Amino acid sequence: MRVALLFPHDPLTRPPGIDLARLLALAGGLRAQGVEADIAAPVARERRLNGLPVLPLAALRGSPAYDLVKTCYHQAIFLADGFQGPLVARLVRVVDQRRPARDRDQRERLLLAQRLISQRAQAVAFNNRENQRRWHRLYGPRLPTVLTPTGCPRRLPALGPNPFDPDLPAVVYAGSLASSRQVKMLNQVAQGLRGLAQVHLVGRNKSALYGSARRLSPLVREHGEKPPGLVWDYLGWASAGLALAVGPEPFDNDSSKVVHYLRAGLPLVCEAPILQGPPARDLGLGRLCSYNDAPALVEALRELLRDPPSPGRRRAVRAYTARHFAWHNAARVYVELFATLLGQRPRS
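Right, let's walk through the structure included here.

About the thresholds
Residues numbered from 1 in each chain as written. Predicted model: local features only at pLDDT ≥ 70, side-chain atom pairs only at ≥ 80, totals over all residues. Heavy atoms only, no water. Helix = DSSP H or I, 4+ residues; strand = E, 2+ residues; numbered from the N terminus. Rg over C-alpha atoms; globule rule 2.2 N^0.38 Å. Areas by Shrake-Rupley, 256 points an atom, 1.4 Å probe, with all protein chains shown as cover. Pairing = 2+ DSSP bridges. Axes fitted to C-alpha atoms, helices over the stretch in contact; angles between N-to-C directions. Contact = heavy atoms within 4.5 Å. Expected span 1.5 Å × (residues − 1). Buried < 20%, exposed > 50% of the residue type's maximum accessible area, 1.4 Å probe, protein only.

Now for the overall build of the protein chain. Of the regular secondary structure elements, the protein chain holds ten helices and 14 strands. Here the protein chain has a C-alpha radius of gyration of 20 Å; the compact-globule value for 348 residues is 20 Å, and the two agree. For the protein chain, the spread of C-alpha atoms along the principal axes amounts to about 60 × 45 × 35 Å. Approximately 15,600 Å² of the protein chain is accessible, and the part contributed by carbon and sulfur atoms is 50%.

Here the focus is the sheet that holds strand β12 (residues 240-243). Ordered in space as β11-β10-β9-β12-β13-β14, the six strands form an open sheet in which the pairing is parallel. Every other strand in the sheet has two partners, leaving β11 (220-222) and β14 (286-289) as the edge strands with one partner each. Neighbouring strand axes in the sheet, compared pairwise and without regard to direction, differ in orientation by 25° on average. For strand β10 (residues 198-202) and β11, the ladder comprises three bridges, and the chain directions are parallel. Among the inter-strand pairings, H200 is bridged to a residue of β11, identified as R221. Where helix α6 (residues 256-263) meets the sheet, its contacts fall on β9 (170-174), β12 and β13 (268-271), and the angle it forms with β12 comes to roughly 165°.

Moving on: helix α4 (residues 180-192). Along an α-helix, residues three or four positions apart point the same way, because every turn accommodates 3.6 residues. For α4, spanning 13 residues, the distance from its first C-alpha to its last is 19 Å, which sits close to the expected 18 Å at 1.5 Å a residue. When we look at burial in α4, the residues that qualify are R181, Q182, V183, M185, L186, N187, V189 and A190. Residues of α4 that are buried make contact with β9, β10, β11, β12, β13 and α8 (294-306).

Quick look at the structure:
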């Protein structure tokens, strides 16, 4: 089985982030399960990334042709017009005529991508049931759909040096700030914890991509985006993690950072719209707060810093997350789906 993972950016110049981590993990996971998986992207010539082939879009029309193409994100469907075979699309969120509000400026293009997917794809993958249900309401049940939740590594690299100033406990927000509201909330949390803990951003402020840009407070220590191997040093040395919703709707708040916090055994505070918040709470490592309540977030973080979960609880959550959320689980779902679409029997 030969499969192309169609990525809408040049992965060799893409800043490190969950989209790149997921792409590489899925490609490696598919190859480990016997699928010849390449990455197809808007690149000028064939390259390699982490040992994986990255091929120009022309490869989709080459010979021998790929058996199947899987797209990543809405916009990848616009790059698939040269491929005539079976196609599986993956969507992070399903937009409609008015939600999510943050997609106002790009709504028509996202809706066009969804219409093309509904006409062209043989199956659609989602991170969660909320978006799966939204798809069915908007486009009906004709296409098969599968769930491939956000994952994490099964094994973590050895812990490196402490990247934080040891004078104050470190509260980490790991990932992109994808709305001006998130920046506002992070600033308020940093102000509320002033003198008690240092708030750190391990990622980028991308609020300008979704409306008005908002500046980070000088109280937030910015580290920028880090390669996946280094991210675990920040999570491993932190005292607490923070997860902020991009907006009020749960379907728009599938948070990879919560899964990574749990994999690191990092206690966390989470706003209620985030889908992974209740599981984190039920595992005994997370606190949930109402949406848009910065004082509640500050108080929950203070409580976690005063009375953190036991080492035994943290070890148990790390093991549970590695077992249930490892990237190879998503790869296995895709292998079974691809085999079904192609009329093949997946390897055992």
